[in-house]
Amino acid sequence: MPQPEHSASKRRPRHWLIWCGALIALTLAMVSLRQSLDKAHVALLYLLVVLGASSASGRTVGFAVSGGAFLLFNYFFVPPFGTLQVAHPLDLLVLATFLVTSLITAQLLSRANREANDARARAQEIDRLASLGVETLNAVDARDALKAIVSVIQSVLHVEYCEIVPETVAESVDDTGHTEFELLVPLRVREDVVGALRLEDSRGLNLTPARRRLLDALAYYAALGVERARLTEAAEQAEQQRRLESMRNALLMSVSHDLRTPLTSIKGIAREIADGGDPRAAVEIEAAADRLNALIGDMLELSRIQAGAARATPAVETVDDLVGAALQQASGLLKGRDVRIDGTDELLSGRFVFTDTLRILVNLLENAAKYSPPDQPIALGIRRAGPMITLEVMDRGPGVPESERERIFEPFYRLPHTLDDRGGTGLGLSIARGLAAAQGGRVYCGPRDDGGSIFTLELPAADSPADGTNE
Ligand code: ADP
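Cut-off values and rules
- Throughout, a residue's number is its position along its own chain's written sequence, starting from 1.
- Reporting in this predicted model follows two pLDDT cut-offs: at least 70 for local features of residues, and 80 or more for side-chain atom pairs to be given and counted; totals over whole chains, interfaces and linings ignore these cut-offs and use all residues.
- As a convention, hydrogens and water are excluded, and side-chain values are obtained from all of the structure's heavy atoms.
- The score called pLDDT rates the predictor's confidence residue by residue, from a low of 0 to a high of 100.
- Between two residues, a contact is recorded if the distance between any of their heavy atoms is within 4.5 Å.
- We define a nonpolar core as any set of buried Ala, Val, Leu, Ile, Met, Phe, Trp, Tyr and Cys residues linked to one another through side-chain atoms lying within 4.5 Å.
- Relative accessibility decides the category of a residue: with a 1.4 Å probe and only protein chains considered, values under 20% of the type maximum give buried, values over 50% give exposed, and everything between is partly exposed.
- Secondary structure elements are taken from DSSP: a helix is a run of H or I of four residues or more, a strand is a run of E of two residues or more, and numbering for both begins at the N terminus.
- Here, a salt bridge means any Lys or Arg side-chain nitrogen found within 4 Å of an Asp or Glu carboxyl oxygen.
- We treat two strands as partners when DSSP finds at least two bridges between them.
- Here the expected span of a helix is defined as 1.5 Å times the quantity of residues minus one.
- Under this scheme, a helix contributes an axis fitted over its contacting stretch, all axes are lines through C-alpha atoms, and angles between N-to-C directions fall in the 0 to 180 degree range.
- Should the near helix be turned anticlockwise from the far one by less than a right angle, the crossing is termed left-handed; should it be turned clockwise, right-handed.
- Polar here means any residue outside two lists: the nonpolar Ala, Val, Leu, Ile, Met, Phe, Trp, Tyr, Cys and Pro, and the charged Asp, Glu, Lys and Arg; Gly therefore counts as polar.
- The aromatic pairing rule takes the rings of Phe, Tyr and Trp, using the six-membered ring of Trp, and pairs them if the centres are within 6.5 Å, calling planes under 30 degrees apart stacked, those over 60 edge-to-face and the rest tilted.
- To sit over a ring, a charge needs its Lys NZ or Arg CZ within 6 Å of the ring centre and within 35 degrees of the ring normal.

Colleague: Explain the confidence of the model for the chain to me, please; I cannot follow it from the model alone.
Modeller: Detailed reading of predicted coordinates is not advised where the pLDDT is low. On average, residues of the chain score 85 in pLDDT, and 91% of them reach the 70 mark or higher. Every residue in residues 1-9 scores below 50 in pLDDT, and together they form 11 contacts with partners more than four places removed in sequence or on other chains. Here residues 466-471 is a poorly scored stretch, pLDDT under 50, and it has 11 contacts once near neighbours within four places are set aside; other chains count.

Listed below in structure tokens is the structure:
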């Protein structure tokens, strides 16, 4: 990994110390052996130190070691010893050759080293850019890709802080905004600015032309990442729009079907009567008109619930009263049906809006009656469960498949086998869920052992901690 310049310069004093020490140690060793050493030995050994210094510590240290070795060679090993004078002209030639050779060696070695380092750094840059390309294109979530790109840029450029700022901020930057510690690079895809890359470093950004080039390449990947995130978001929005559209269509079809059916029968029967048919058929007109009325009433109720319109405040009510009133109100559909109540001896009371909760329970009881064979009993389980009171309406009907257990609470959704049932509006469960939620309860559906379904209504108990009262 290419080292940032500040860390390289921190290492420099250590290098100077090492190579000066090596030069002195070699000189001392050679002085002690001066009798048995020839000038060629001295020159070669000094050259070795120059080689080491230039390859390990660069050109400046290499040149300094060459100069030092030249002076020491002259002072200690060229007669007269202990002076910088040269007695024989041939020694002058040896010294000059040594100096030139060591300087050229230092220069060549350090250049080769620098080139090798540059090549290594470039290979690493290419690696990083390639990995950035992979991050940009392959991350499953485009927003994760952006995070990965930011962290790669931060680590490649060794900056303290890096972020991608949105298009709106970037628009105020026509070109690179730059201070010594902060840099804002516009991210462009084709001609459009899609955001900006903001870099910050309290030690200074220190952007050499090479780092600036790398930054531009990285910024291009960041721009691609931003563009990808933007496209993904647009696609998600389009998909959501499409889903909404198809839901609206389904709703419209269902509503128009449910409104038209009773209207068609009203019209048909009215024509029959007008053509001299049985005037008693007017009863059917009344029934169809009632259905229409109920449907319109339910639609209004649901839209009021969904709009969050103010409702009555929950009050403390007994569950016994609620169950008694519900059985009474659903008695038409429950006629002749065995309804088993499975409750506790404890007198349970909850905090709920009586009329709204009655409507929920009646709907659940009527559904149990409508969707299960008439000879099968319906059970009503009543119990206390922690801070809630649960009322379970259990039938032996066909049950609701797991995949449909949430959908049946959507407006107008009916299970395929009940499509032809005109007894209800298809809004009962959506209204029940809305009413229950408005008073801190909930309604959900589950399977019953040995067949059938259980519709559970949960209501806050009157003395539950959430309720805050102690009655
Ligand atoms: P409706 O009963 O008017 O059709 P609901 O909203 O009350 O409307 O119920 C929605 C659908 O849920 C029903 O059409 C039916 O398909 C299904 N459903 C409701 N209760 C039961 C039940 N006890 N057993 C089986 N299916 C049920």
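Colleague: Can you walk me through the nonpolar core in this structure?
Modeller: In summary, soluble globular proteins display a tendency toward joint burial of nonpolar side chains. In this structure, Leu 361, Leu 391 and Ile 408 are the most contacted members of the largest nonpolar core, which totals 44 residues. Listed by contribution, the elements that provide at least two residues to this core are helix H8 (282-306), helix H9 (319-329), helix H11 (354-370), strand E8 (378-385), strand E9 (388-394), helix H12 (428-438), strand E10 (442-447) and strand E11 (453-460). Examining the composition of this core, we find that 8 residues originate from one element, H11, more than from any other. With near-sequence residues (within four places) excluded, Leu 391 lies in contact with Val 319, Leu 322, Val 323, Leu 361, Gly 381, Ile 382, Phe 455, Thr 456, Leu 457 and Leu 459. Core analysis: the second largest hydrophobic core is formed by 28 residues, Val 159, Leu 199, Leu 214 and Ala 229 among them.

Colleague: Got a minute to help me understand the pattern of salt bridges in this structure?
Modeller: When charged atoms on two side chains of opposite charge get close, those side chains can pair. For the structure shown, the criterion picks out 23 salt bridges. Between Asp 216 and Arg 212 there is a salt bridge, with its nearest N and O atoms 3.1 Å apart. Taken together, the positions of Asp 216 and Arg 212, both in helix H7 (residues 209-274) and 4 residues apart, correspond to about one turn of that helix. On the basis of relative accessible area, Asp 216 is assigned to the partly exposed category, the value being 39%. Residue Arg 359 is joined to Glu 301 by a salt bridge in which the shortest nitrogen-to-oxygen separation is 3.7 Å. One end of the pair, Arg 359, is in helix H11; the other, Glu 301, is in helix H8, and 58 residues separate them in sequence. Connected through shared salt-bridge partners, Asp 298, Glu 301, Arg 304, Arg 311, Asp 356 and Arg 359 make up one network.

Colleague: Where do I start with the pairing of E9 in this structure?
Modeller: Working note: regular strand, side chains alternate between the two faces of the sheet. Most of E9 is tucked away, with 7 of its 7 residues classed as buried. Side chains Met 388, Thr 390, Glu 392 and Met 394 project from E9 onto one buried face, and the interleaved Ile 389, Leu 391 and Val 393 project onto a second face that is buried too. Of the pairings in the sheet, the one linking E8 to E9 comprises 7 bridges and is antiparallel in character. Note that in E9 the partner of Ala 385 across the bridge is Met 388. Counting the residues between successive antiparallel strands, the hairpin from E8 to E9 contains 2 residues, one of them, Gly 386, with a positive phi of roughly 60 degrees. Pairing of E9 with E11, which is carried by 7 bridges, proceeds in the antiparallel orientation. If you follow Met 388 over to E11, its bridge partner there is Pro 460.

Colleague: So what exactly am I meant to see when it comes to H11 here?
Modeller: Working note: α-helix, 3.6 residues per turn, so residues spaced by three or four point in the same direction. Between its first and last C-alpha, H11 extends 24 Å over 17 residues, near the 24 Å set by a 1.5 Å rise per residue. Of all 17 residues making up H11, 12 are buried, and the element is well covered by its neighbours. For H11, the full list of buried residues reads Asp 356, Thr 357, Leu 358, Ile 360, Leu 361, Val 362, Asn 363, Leu 364, Leu 365, Asn 367, Ala 368 and Ala 369.

Colleague: What is the right way to read the packing of H8 against H12 from this model?
Modeller: A pair of packed helices is captured by two measures, namely the crossing angle of their axes and the spacing between those axes. Contact pair H8 / H12: the axes reach a minimum separation of 10 Å and the direction vectors enclose 35 degrees. Seen along the crossing, H8 lies across H12 with a hand that is left-handed. Seen from H8, the contacting residues are Asp 298, Glu 301, Leu 302 and Ile 305; seen from H12, they are Ser 430, Ile 431, Gly 434 and Leu 435. Residues that form the contact of H8 with H12 fall into these classes: 4 nonpolar, 2 polar and 2 charged.

Colleague: What exactly am I supposed to notice about the pairing of strand E4 (residues 192-200) here?
Modeller: Pairing of strand E1 (residues 161-165) with E4 involves 5 bridges; the strand directions are antiparallel. In the strand pairing of E4, Tyr 161 is matched with Glu 200. Across 8 bridges, strand E3 (residues 182-189) lies against E4 in antiparallel orientation. Bridging from a neighbouring strand, Pro 186 pairs with Ala 196 of E4. Connecting E3 to the next strand, E4, in antiparallel fashion are 2 residues, including Arg 190 with a positive phi near 50 degrees.

Colleague: What am I meant to see in the packing of aromatic side chains here?
Modeller: Each aromatic ring pair is characterised by the separation of its centres together with the angle its planes make. Applying the stated rule across the entire model yields 8 aromatic pairs. Look at Tyr 46 and Phe 77: their rings are 6.3 Å apart centre to centre, the planes differ by 70 degrees, and that puts the pair in the edge-to-face class. Here Phe 77 lies in helix H3 (residues 59-77) and Tyr 46 lies in helix H2 (residues 39-57), a separation of 31 residues in the sequence. Of the residues examined, Tyr 46 reaches a relative accessible area of 0% and is grouped as buried. The exposure class of Phe 77 is buried, given its relative accessible area of 5%. Between Tyr 75 and Phe 76 the ring centres are 5.0 Å apart and the planes differ by 75 degrees, which places this aromatic pair in the edge-to-face class. Directly above the ring of Phe 81 sits Arg 34, whose terminal nitrogen or CZ lies 4.1 Å from the centroid.

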